[in-house]
Amino acid sequence: MRQAQVAVPIGRARFTELSLLVWVALLAVLGFIAVVAAETSTFAVAAILVPSVFILLVLSLHVFLIARRFRGDQLLMPIAAGLTAIGLVLVQRLASDLLLQQLSWTIIAGGAFAATILIPRDLTALARFKWTWAFLGVLLLVAPLFPVIGREINGARIWIKVGPGSIEPWEAVKLLMVVFFAAYLEEYREVLSHSQRRLGPFPVPPIPYLVPIVAMWGIAMLVMVFEKDIGATVLFFGIFLAMLFLATGEAFYALLGLALLLVGGFVAYQLFGHVQARVDTWLRPFDDELRFGTGYQLVQGLYALANGGLFGAGLGNGMPDRIPVVWSDFVFDAFAEETGLAGAIALLAFYLLFLYRGMLIALRAPTPFLQLLAAGLSFIIALQTLVIVGGNARLIPLTGITLPFVAYGGSSLVTNWMLVALLLRVSEVSNRMRGGP
Amino acid sequence: MEITFAVLLWGVRIAFMVVLYLFLIRAFGALQRSLASETQLAARPLGIAFLVVQKSVRGAPRVGDRLPLRAVNAIGRDAGNDVVVNDEAASARHALVEFADGEWWVEDAGSTNGTLVNGATVRSRERLQYGDELGIGRVALRLEQ
């Protein structure tokens with residue numbers, strides 16, 4: 001695409017982004033000082049070492065965008081950085097031995113962000129390789145099932161071995177699937193939404209076009225059965241349904257999909273122990289046989305939430321370590337205990353901002369592919385937050401989804417930062433076309 | 001009051017919460033401002049140029065109608081487009097016509113039946129001259145000043 005570059009000597013200033021990043025920097029420093037001081041009972045300069053590295057990383061990303069004369073959105077990066085800062089503070093608080101590992105992952109995530117800004121030269125070209133993405137995604141999805149490379153941790157078989165560690169391929173699958181869905185739906189939305197045959201108020205598209213819905217349902221169920229990962233199942237299918245609805249505007253598909261998910265869930269509940277255990281724990285965690293068994297984690301989390309009250313126990317002052325595996329599964333409860341309802345609402349407001357901004361980017365995007373891509377990417381973050389926070393608060397059954405940007409975990413942090421970069425790229429395309437900021 | 005370690009620590013904790021909310025207030029403010037400028041952009045006067053209907057079908061704009069253009073125009077069957085072409089052969093979001101670098105450009109937005117310029121299918125992004133005829137579905141539109 002031909003575009004006249006207006007000659008700006010140094011780069012293109014991003015004042016909004018910079019001013020927001022200053023607050024993020026302050027947030028990181030204060031959080032670390034509070035947590036470290038509470039633990040060691042003294043103020044030490046060493047406390048600001050990790051936040052300083054983080055601030056340097058974020059500022060260098062900012063400078064990188066300026067140097068590239070990048071014209072994309074200025075809000076999303078600071079929001080993601082703020083959440084990552086809260087995440088680092090919480091890792092220091094809940095599992096300080098994992099802090100250096102998480103900091104390294106944060107740096108890798110920053111690199112992945114920069115690479116995603118640089119590498120796909122033309123975003124729309126991603127649509128042309130849609131079947132490649134689909135194939136790769138399915139391959140990664142089933143990879144943990146193979147005996148040598150797959151690995152089962154905490155009852156879920158969703159990991160593959162890489163060198164000494166293991167990564168969660170599902171995280172990368174999220175992005176691949178959204179790109180594929182966006183490209184597929186852009187091509188076939190006409191057929192799917194303007195079918196001439198109707199059954200009452202519902203469209204009846206030609207059978208071949210129904211295949212993807214059924215195939216998606218099958219794959220989602222497969223994940224539930226063999227990898228024992230209910231969270232991924234809900235996310236995977238949820239993203240697909242949301243994008244299908246966005247592309248076609250037919251509530252029928254969403255309802256059909258939900259019905260399929262409910263039927264699948266019910267059958268799985270009847271047949272599989274791990275699904276049954278999740279649901280039982282959710283419905284009656286305080287029962288005698290569950291209270292100190294599978295329900296222990298959830299019950300401790302609920303006590304932590306209750307203990308938080310309106311303004312919390314104060315950072316570093318609560319007892320979140322009484323929740324097992326709190327740093328990866330229950331960070332929301334831990335944060336709510338120490339900062340109270342006030343902190344919990346602020347945290348959710350971060351995600352609200354992210355979703356709102358992402359949807360605006362989708363609305364402004366010039367082509368259906370880019371619109372669906374931006375909407376799907378924002379929706380991943382929203383749905384993930386909903387599923388894990390709902391699980392932590394016992395509104396829905398608990399699943400092993402990570403709280404985006406905040407929970408401990410490398411694969412998730414890296415892919416979420418790539419997701420932010422993709423959203424920025426979409427907003428850049430619209431800004432260039434519309435002559436906006 | 002004596003400033004003890006505990007008081008200082010609570011000071012830091014409260015400062016953390018305050019900064020958390022200040023960030024959110026700033027971010028919502030920035031969102032608000034960008035929405036406002038967006039609205040301004042959309043409210044720019046119409047009529048830098050016109051698409052004059054040459055050929056049409058029932059329900060679509062009538063032959064001879066002068067459809068005003070903005071700087072950036074989405075053309076398609078959906079009511080949300082800047083130029084609505086209500087023809088079954090047109091896609092919901094069919095094409096984009098925009099004024100950039102002092103010239104008019106047309107780009108197909110992934111339409112089912114394609115976009116034509118003077119009878120030739122638009123491949124990627126093509127320049128439009130005044131007098132060129134744009135084909136969207138069964139409707140023909142001529143770019144005029």
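Residues numbered from 1 in each chain as written. Chains lettered and ligands numbered in written order. Predicted model: local features only at pLDDT ≥ 70, side-chain atom pairs only at ≥ 80, totals over all residues.

Here the focus is the overall build of chain A. Tallying secondary structure elements over chain A gives 16 helices and five strands in all. For chain A, with 437 residues in total, the buried portion stands at 51%. Relative to all contacts within chain A whose residues are 6 or more apart in sequence, the contacts with residues 24 or more apart total 70%. (Helix = DSSP H or I, 4+ residues; strand = E, 2+ residues; numbered from the N terminus. Buried ≥ 20, exposed ≤ 12 C-beta atoms within 10 Å, placed from the backbone. Contact = placed C-beta atoms within 7 Å.)

Once that is clear, we can look at the overall build of chain B. Across its full length, chain B carries one helix and 11 strands. Against the compact-globule benchmark of 15 Å for 145 residues, chain B has a radius of gyration of 25 Å, which places it well outside the compact range. For chain B, the C-alpha atoms occupy an extent of roughly 85 × 30 × 30 Å along the three principal directions. Counting over 145 residues, chain B shows a buried share of 36%. (Rg over C-alpha atoms; globule rule 2.2 N^0.38 Å.)

Moving on, we come to the confidence of the model for chain B. Residues with a pLDDT of 70 or more make up 92% of chain B, whose mean pLDDT is 85. This prediction of the complex comes with two scores: 0.80 for pTM and 0.87 for ipTM. (pLDDT = per-residue confidence, 0-100.)

A word on the sheet that holds strand S7 (residues 115–117) of chain B. Within a sheet, each strand pairs with its neighbour through backbone hydrogen bonds, oriented either parallel or antiparallel. Residue and element names in this part refer to chain B. Sheet architecture is open: six strands sit in the order S2-S1-S11-S10-S7-S8, paired in antiparallel fashion. Every other strand in the sheet has two partners, leaving strand S2 (66–69) and strand S8 (120–121) as the edge strands with one partner each. Examined bridge by bridge, S7 and S8 share two bridges and lie antiparallel to one another. By the bridge assignment for S8, Leu116 is matched with Thr121. (Pairing = 2+ DSSP bridges.)

Here we come to the packing of helix H2 (residues 49–67) of chain A against helix H3 (residues 76–94) of chain A. Residue and element names in this part refer to chain A. Following both chains from N to C, one finds H2 and H3 inclined at 165°, their axes separated by 11 Å at the closest point. In this view, H2 runs roughly antiparallel relative to H3, as classed from their interaxial angle. The two elements H2 and H3 cross, and the hand of that crossing is right-handed. For the pair formed by H2 and H3, the contact residues are Val50, Phe54, Val58 and Leu61 on the first element and Met77, Ala81, Ala85, Leu88 and Gln92 on the second. (Axes fitted to C-alpha atoms, helices over the stretch in contact; angles between N-to-C directions. Parallel < 35°, antiparallel > 145°, perpendicular 65-115°, else oblique. Left-handed = near helix turned anticlockwise from the far one by under 90°.)

On to the sheet that holds strand S3 (residues 72–76) of chain B, then. Residues and elements named next belong to chain B. Here five strands make up an open sheet; going across it, the order is S4-S3-S5-S6-S9 and the pairing mixed. The open sheet has two edge strands, strand S4 (83–84) and strand S9 (125–128), and neither has a second partner. With four bridges connecting them, strand S6 (residues 103–108) and S9 associate as antiparallel partners. Bridge assignment links Trp105 to a residue of S9, and that residue is Arg127.

Turning to the nonpolar core, a few remarks are in order. In summary, soluble globular proteins display a tendency toward joint burial of nonpolar side chains. Residues and elements named next belong to chain A. Judged by nonpolar contacts, the single largest core of 167 residues is most densely connected at Val24, Leu27, Ala28, Ile239, Met243 and Val331. Per-element accounting of this core gives the leading share, 16 residues, to helix H1 (residues 15–40). Setting aside anything within four residues of it in sequence, one finds Ile239 in contact with Met177, Val178, Gly376, Phe379, Ile380 and Leu383. (Core = buried A, V, L, I, M, F, W, Y, C linked by C-beta atoms within 7 Å.)

Interface extent is often summarised as the accessible area lost during association of the parts. On the side of chain A, 40 residues touch chain B, which itself brings 31 residues to the contact. Residue assignment for the side of chain B that touches chain A shows that the elements contributing at least two residues are helix H1 (5–42) and strand S5 (95–100) of chain B. Here the side of chain B that touches chain A takes 20 residues from H1(B), the largest share from any one element. Here the residues of the side of chain B that touches chain A are counted per class, giving 22 nonpolar, three polar and six charged. (Nonpolar A, V, L, I, M, F, W, Y, C, P; charged D, E, K, R; others polar.)

It is worth spelling out the environment of A:Leu65 at this point. Residue and element names in this part refer to chain A. Positionally, Leu65 belongs in helix H2. Residue Leu65 is classed as buried on the basis of its 24 C-beta neighbours within 10 Å. Between the C-alpha atoms of Leu65 and Met177, which are 112 residues apart in sequence, the distance is 27 Å. Not counting residues within four places of it along the chain, the set of residues in contact with Leu65 comprises Arg14 and Phe70.

With that settled, consider H3(A). Relative to the 27 Å expected for 19 residues at 1.5 Å per residue, H3(A) spans 27 Å between its end C-alpha atoms, a close match to the ideal helical length. The buried count for H3(A) comes to 19 of 19 residues, which makes it a mostly enclosed element. (Expected span 1.5 Å × (residues − 1).)

All right, on to H2(A) then. Residues and elements named next belong to chain A. The end-to-end C-alpha separation of H2 is 27 Å, in line with the 27 Å expected for 19 residues at 1.5 Å each. Buried within H2 are the following residues: Val50, Pro51, Phe54, Ile55, Val58, Leu61 and Leu65. Down the axis of H2, the smallest arc covering the buried residues is 135°, so these residues share one side. Pointing more than 90 degrees away from the buried face of H2 are the exposed residues Ser60 and Ala67. Looking at the packing, one finds that the buried side of H2 touches H1, H3 and helix H4 (99–118). Note on H2: the residue one or two positions beyond its end, Arg69, has a positive phi of about 55°. (Arc of directions from axis to C-beta.)

With the exception of glycine, the majority of residues adopt a negative phi angle, and the majority of peptide bonds are in the trans configuration. Residues and elements named next belong to chain A. For Arg69, which is not glycine, the phi torsion reads 55° and is therefore positive. Mapped onto the elements of the fold, Arg69 is located in the loop between H2 and H3. For Arg69, a count of 13 C-beta atoms within 10 Å puts it in the partly exposed group. Despite not being glycine, Arg394 shows a phi value in the positive range, around 60°. Tracing the chain through its elements places Arg394 in the loop between helix H15 (368–392) and helix H16 (410–434).

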